[in-house]
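Chain and residue survey
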There are 2 protein chains.
Amino acid sequence: MQVTMQSIGTVHTEARDLPRHWSVSDVKGTLEIDAEYAQGLTGIQPGEEIVVIFSFHESPEFKSKSLQQRPPHMNGEKKGVFRTCSPYRPNPVGLSVVEVLAVHGNRIDVRGIDMREGTPILDIKPHVKKEEASAA
Amino acid sequence: MQVTMQSIGTVHTEARDLPRHWSVSDVKGTLEIDAEYAQGLTGIQPGEEIVVIFSFHESPEFKSKSLQQRPPHMNGEKKGVFRTCSPYRPNPVGLSVVEVLAVHGNRIDVRGIDMREGTPILDIKPHVKKEEASAA
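Residues numbered from 1 in each chain as written. Chains lettered and ligands numbered in written order. Predicted model: local features only at pLDDT ≥ 70, side-chain atom pairs only at ≥ 80, totals over all residues.

A word on the confidence of the model for chain A
Low-pLDDT portions of the prediction should not be read for the details of their coordinates. Per-residue confidence for chain A gives a mean pLDDT of 93, with 96% of residues at or over 70. Across the interfaces of the predicted complex, the ipTM metric reaches 0.92, alongside a pTM of 0.93. (pLDDT = per-residue confidence, 0-100.)

As structure tokens, this is what we get:
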């Protein structure tokens, strides 16, 4: 089954030397949401964490020989691509959890960026943890 | 920017009366990954949590009047769609965190299902928390 999505916005950051993963990132940036979707941000507050789903738009086309990869920080151990956060995967979809610093209009200033400047955003969701399900 | 994805597998569950969210779900099911991607599961272990990214394949086409919604469990408060986990969103992409019970070949038995029988899976990732970044 095929699913076609349209970006709802774009990641902006001045950082060029990005950390390998959001969980080890303090990099700041801005999520610029297309004006037509700005109303969809209502209720997002500074201090909250949000999940950003995005496209790895610079990844080359996936080839099956990469179903197993050796992530550089895993002592060269071979892992299935679905056991890794590699940007090189069958569907080029990425996920980062970032902290909201400020919301103004259609722009969200955030900390925790590991996406490149210009990354197309596909969705934003609240970051729900099992312990605080009522926030969902 | 447009992104086209192909499902990599399908959610199976016998449950028909599903909880509203994975964070309050004990429902069991199976993620059946297409055989051509089975190698990509290498290293996924029982007891781990995984993130499943899927398509809300039964959601109707999004209309801009739904940029704000009133989630039933939020006292009727109006929220921007990106502040909610509503299945009715600009890109019909869902995210659930489930617990791995067993892996056999191209099938992962899991607990925590909130997706309907037949839901197309787009990606599986490790569930990384900020505190344990080395698992990424």
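Having seen the model, we can carry on.
Topic: the nonpolar core
One recurring pattern in soluble globular proteins: nonpolar side chains tend to sit buried together. Counting residues in hydrophobic clusters, the biggest one holds 50 residues, and the most contacted among them are Val52 and Ile121 of chain A together with Val52 and Ile121 of chain B. The residues touching Ile121 of chain A, leaving out its near neighbours within four places in the chain, are Ser7, Ile8, Gly9, Thr10, Val11, Leu31, Val52 and Phe54 of chain A. (Core = buried A, V, L, I, M, F, W, Y, C linked by C-beta atoms within 7 Å. Buried ≥ 20, exposed ≤ 12 C-beta atoms within 10 Å, placed from the backbone. Contact = placed C-beta atoms within 7 Å.)

Some remarks on the environment of Gly9 of chain B
Residue and element names in this part refer to chain B. By secondary structure assignment, the location of Gly9 is in strand E2 (residues 9-12). You can call Gly9 buried: it has 27 C-beta atoms within 10 Å. In this structure the C-alpha to C-alpha distance between Gly9 and Asp123, which are 114 residues apart in sequence, comes to 8.6 Å. (Helix = DSSP H or I, 4+ residues; strand = E, 2+ residues; numbered from the N terminus.)

Focus on the relation of the copies chain B and chain A
It takes a turn of 180° to lay chain B on chain A, together with a shift of 0.0 Å along the axis; the resulting RMSD is 0.0 Å. The two molecules are tied by a two-fold rotation axis, judged by turn and shift. Across chain B, the rotation axis passes nearest the C-alpha of Thr4 of chain B, at a separation of 2.1 Å. Mapped onto chain A, 100% of the interface residues of chain B are again interface residues, and the two copies thus contact each other with one and the same surface. (Least-squares fit on C-alpha atoms with pLDDT ≥ 70 in both.)

Some details on the sheet that holds strand E4 (residues 49-55) of chain B
What holds strands together in a sheet is hydrogen bonding between their backbones, with the strands either parallel or antiparallel. A barrel is described by the order of its strands in space; here six strands give the closed sequence E2-E3-E8-E7-E4-E9 (chain B), paired in antiparallel fashion. Averaged over neighbouring strand pairs, the angle between their axes works out to 45° when direction is ignored. (Pairing = 2+ DSSP bridges. Axes fitted to C-alpha atoms, helices over the stretch in contact; angles between N-to-C directions.)

Looking at the interface of chain B and chain A
Listed as interface residues are 47 residues of chain B and, on the opposing side, 47 residues of chain A. Only strand E1 (2-6), E4, strand E6 (79-80), strand E7 (93-104) and strand E9 (120-126) of chain B provide two or more residues apiece to the side of chain B that touches chain A. The element that contributes the greatest number of residues to the side of chain B that touches chain A is E9 of chain B, accounting for six residues. In terms of residue class, the side of chain B that touches chain A is made up of 24 nonpolar, 15 polar and eight charged. Strand direction decides the pairing type here: strand E1 (residues 2-6) of chain A and E1 of chain B, joined by five bridges, are antiparallel. Looking across to E1 of chain B, one finds that Thr4 of chain A is bridged to Thr4 of chain B. (Nonpolar A, V, L, I, M, F, W, Y, C, P; charged D, E, K, R; others polar.)

What about the environment of Leu67 of chain B?
Its place among the elements puts Leu67 of chain B in the loop between E4 and strand E5 (68-69). For Leu67 of chain B, a count of 19 C-beta atoms within 10 Å gives the class partly exposed. Those residues in contact with Leu67 of chain B, other than ones at most four positions away along the chain, are Tyr37, Gln39 and Gly40 of chain A together with Gly80 and Val81 of chain B.

Here we look at the sheet that holds strand E2 (residues 9-12) of chain A
Here six strands make up a closed barrel; going around it, the order is E2-E3-E8-E7-E4-E9 (chain A) and the pairing antiparallel. Pairwise comparison of adjacent strand axes, ignoring direction, gives a mean angle of 45° for this sheet.

Remarks on the pairing of E2 of chain A
Residue and element names in this part refer to chain A. Pairing analysis gives four bridges linking E2 to strand E3 (residues 28-33), with the strands arranged antiparallel. Paired with Thr10 across the bridge in E3 is Glu32. The pairing of E2 with strand E9 (residues 120-126) spans two bridges and is antiparallel. Looking at E9, one finds that Thr10 is bridged to Pro120.

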